[in-house]
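Results of the structural survey
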Amino acid sequence: MAENTVAGGHHDDDVHRRDFLHIATASLFGVGVGAVAWPLVMQMNPAESVKALASIEVDLSPVEVGQVIKVLWQGKPVFIRRRTEEQIAQMEAVSVDALPDPQRDAERVQQSEWLVALGVCTHLGCVPVANSGDFQGWFCPCHGSHYDMSGRIRKGPAPKNLEIPPYQFVSETKILIG
Amino acid sequence: MDHQSKYEPTNGFTRWIDSRLPVVRMAHDSFIDYPTPVNLNYWWTFGGILTFCLVIMIVTGIVLAMHYTPHVDHAFDSVQHIRRDVQFGWLIQYVHANGASMFFLAVYIHMFRGLYYGSYKEPRELLWILGVVIFVLMMAAAFLGYVLPWGQMSFWAATVITNLFAAIPWVGEGIRTWLWGGFSVDNATLNRFFSLHYLVPFVIFAVVALHIWALHVPGNNNPKGIDPKGNQDMVPFHPYYTAKDGFALGLFLLLFATFVFYLPDALGHADNYIKADPLVTPEHIVPEWYFLPHYAILRAVPDKLMGVIAMFAAIAILFVLPWLDSSKVRSGRYRPLFQQFFILFVVACVALGWAGGQPAEGAALLVSRVGTIYYFAFFLIILPLLGVFETPREMPNSIAEPVLKKPDSPPELEPDSTGKPAPVPAE
């Protein structure tokens, strides 16, 4: 090997070894940059303490039939609507094909009396106003989206129905959201 | 413009400095002895005005940060504390808040100036692109800063703007959570916005330095859009343009002071005097006036994702403007058709601004749609085609020629028109 290098007859070996060194150095540098960037990027995500507060219990017993309440969950409002028999019947009768985001009412509730939905307009995140708009469910004042009593988008720029948060009934009159 | 440095260190100390770090020489060559076209009009004074605005915003901002608390429970009250209790806090806070509007007013005039006189054309493409970078950074700084007082408009502006990113397919919602540092706009969001709001102006400052560097390589464009041919076309920056820029800055500051002292809340929204409430959205939310055209474009498109794309494209298109305009003639003065389309473009931008402030329905929605179409057509259809179909007006051979050869020019200028070069200005 030594005399080859001295003689200069076998450049190829040297060129390959140098290429290898370049690629190895660049790769290691890339890994290093990535390893430094990763924690700097990830620190922006929700902190553990924020995630720990991710669920709440709501007592439903004071809610009257026909009433809508708002509770704060993960910094966002959640609408809880206790629907009347008539409203339930109306929502179940809606033809799904005509909806911008087709969903049957039954897919959106666990007990048909209670509609639990995120109070965040799926357009740009404003809080819709209850019992107003063309469908008497919710109306978003920011850009004019109309939702029905099932929280489904019926008219306006919002692309999706009001999101249903994960929840479960822990007793007859109490739900756990999150 | 390459030119010989005329800086002469006057004593041993300045000579000692000059041979080690010629920073005084650089300042002298860039801002005193810098050769500048003779014919710059008042539209050219906004570069200096903008630099002044940046300094005002940084100085008042640093002072405000000494009294402001970036926490959801205290932010709103700390701004009221600044306004009521801090010595001269009322003045500094209003200068900073209105300063943002003045900054944008000046930057929009500066950009329309560049657009009309073709200041983005070869060899000033990079100069223009750096300017657009500064504009984007300014928008970021303005948005981040607007959130800090933590009023209702602050909170809902932050919510709406961060939700724009959720429109991106697949990764959008993850990006939104990442921006928030939580599940909604909350304390983590406010904290990072404060941190970034403090950072961005210094980034702007650095890009402004590059912008001026890129300006000083080809030199200033001018209202005729033709390169200076010699000494008769140039004057030194000082005292000619320091005086002109200074006078214009004085007028600009009169307007600025009128807002600060007589109309301090005219450009704001009353709803921002209500503390942020995540459960209630204000009836009518609109951004600050300088974002209204972009907001109109966003709402002109019925589809959410396409609206977001259109809005960002309206800004991004400025980056490629130097390659969209096919005309070799720089100044709009010599482009009869361009002049008319340009006026329409200004009208479209103002109309978009009006429509952005109205509820998105009826006439306002129609205006925002027509305005959006014209905005994009101007860049994508009109500018590329005009260079082919337009016959430019006849252009003078040099900046000085039409002045010196004018038949009705004052008698004292007559001798110059006989061919003798015009006297080089003193200094």
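Below is a summary of the structure that appears in this document.

Now for empty space enclosed by the protein. Counted by the stated rule, this structure contains three cavities of 30 Å³ or more. Considering the residues around the largest cavity, the lining is formed by 14 residues, among which K76, V120 and G125 of chain A together with T159 and S184 of chain B are closest to the centre. Counting residues per element, the lining of the largest cavity draws most heavily on helix 7 (residues 152-165) of chain B, at three residues. Considering only residue class, the lining of the largest cavity consists of eight nonpolar, five polar and one charged.

Chain B puts 25 residues into the contact, and the matching count from chain A is 27 residues. Roughly 2200 Å² is buried in total at the junction of chain B and chain A, and carbon and sulfur atoms are behind 64% of that figure. Of all residues in chain B, W178, F183 and L279 of chain B bury the most surface against chain A, accounting for 33% of the area lost on that side. Connecting chain B to chain A are zero salt bridges. Viewed at the interface, chain A and chain B are joined by eleven residue pairs in polar contact (both at pLDDT 80 or more).

This next bit is on the sheet that holds strand 2 (residues 68-73) of chain A. Residues and elements named next belong to chain A. The strand order 2-3-4 describes an open sheet built from three strands, whose pairing is antiparallel. Of all the strands in the sheet, the pair left with one neighbour each is strand 2 and strand 4 (114-118). Ignoring strand direction, the axes of neighbouring strands in this sheet form an average angle of 25 degrees. Note: strand 2 against strand 3 (residues 76-82), six bridges, orientation antiparallel. When the bridges of strand 3 are listed, I69 appears paired with I80.

All names here are of chain A. The strand order across the open sheet built from four strands is 5-6-7-8, with neighbouring strands paired in antiparallel fashion. Only two strands of the sheet have a single partner each, and these edge strands are strand 5 (129-130) and strand 8 (153-155). Two strands pair when backbone bridges link them, and strand 5 and strand 6 (residues 138-140) are joined in this way by two bridges, in the antiparallel orientation. By the bridge assignment for strand 6, A130 is matched with W138.

Most peptide bonds take the trans configuration, and most residues that are not glycine carry a negative phi. Following E122 of chain B, the chain continues to P123 of chain B via a peptide bond in cis, the omega torsion being 5 degrees. In this fold, P123 of chain B is placed in the loop between helix 5 (89-116) and helix 6 (125-147). Each neighbour pair has its own omega, and for H238 of chain B with P239 of chain B the value is 5 degrees, a cis peptide bond. A positive phi angle, close to 60 degrees, is found at Q136 of chain A, a residue other than glycine. Take Q136 of chain A: it is sitting in the loop between strand 5 and strand 6. Despite not being glycine, W170 of chain B shows a phi value in the positive range, around 65 degrees. In this fold, W170 of chain B is placed in the loop between helix 7 and helix 8 (172-180).

Residues and elements named next belong to chain B. For the pair helix 8 and helix 9 (residues 187-216), interaxial distance at closest approach is 7 Å and the crossing angle is 75 degrees. Judged by the angle between their axes, helix 8 and helix 9 are roughly perpendicular. Across from W178, L179 and W180 in helix 8, the residues of helix 9 making contact are A188, T189 and R192. Tallied by class, residues from the contact of helix 8 with helix 9 come to four nonpolar, one polar and one charged.

With that settled, consider the environment of Q87 of chain A. Residues and elements named next belong to chain A. With respect to the secondary-structure elements, Q87 resides in helix 4 (residues 85-93). For the pair Q87 and Q103, spaced 16 residues apart in the sequence, the C-alpha separation amounts to 16 Å. A polar contact of 3.0 Å, which involves the side chain of Q87, links it to the backbone nitrogen of T84.

Residues and elements named next belong to chain A. Considering all chains together, one arrives at one disulfide over all chains under this definition. Put simply, C126 and C142 are joined by a disulfide, and their sulfur atoms are 2.1 Å apart. Its torsion about the S-S bond being -95 degrees, the disulfide of C126 and C142 is classed as left-handed. Taken together, the residues C126 in the loop between strand 4 and strand 5 and C142 in the loop between strand 6 and strand 7 (145-147) connect sequence positions 16 residues apart. By relative accessible area, which is 8% here, C142 ends up buried. Take C140: it sits in no disulfide, and the sulfur closest to it among the cysteines is that of C121, at 3.8 Å. When its relative accessible area of 2% is taken as the criterion, C140 is described as buried.

Parameters and conventions
- Residues numbered from 1 in each chain as written.
- Chains lettered and ligands numbered in written order.
- Predicted model: local features only at pLDDT ≥ 70, side-chain atom pairs only at ≥ 80, totals over all residues.
- Heavy atoms only, no water.
- 1 Å grid on protein atoms, 1.4 Å probe; cavity = no way out; pocket = protein on both sides within 12 Å on 5 of 7 lines; lining within 4 Å.
- Points joined across faces, edges and corners; volume = space filled by probe spheres on them.
- Helix = DSSP H or I, 4+ residues; strand = E, 2+ residues; numbered from the N terminus.
- Nonpolar A, V, L, I, M, F, W, Y, C, P; charged D, E, K, R; others polar.
- Contact = heavy atoms within 4.5 Å.
- Buried area = accessible area lost by both parts, 1.4 Å probe.
- Salt bridge = Lys/Arg side-chain N within 4 Å of Asp/Glu carboxyl O.
- Polar contact = N/O pair within 3.5 Å; in protein donor to acceptor, adjacent residues only side chain to side chain.
- Pairing = 2+ DSSP bridges.
- Axes fitted to C-alpha atoms, helices over the stretch in contact; angles between N-to-C directions.
- Parallel < 35°, antiparallel > 145°, perpendicular 65-115°, else oblique.
- Disulfide = S-S within 2.5 Å.
- Buried < 20%, exposed > 50% of the residue type's maximum accessible area, 1.4 Å probe, protein only.

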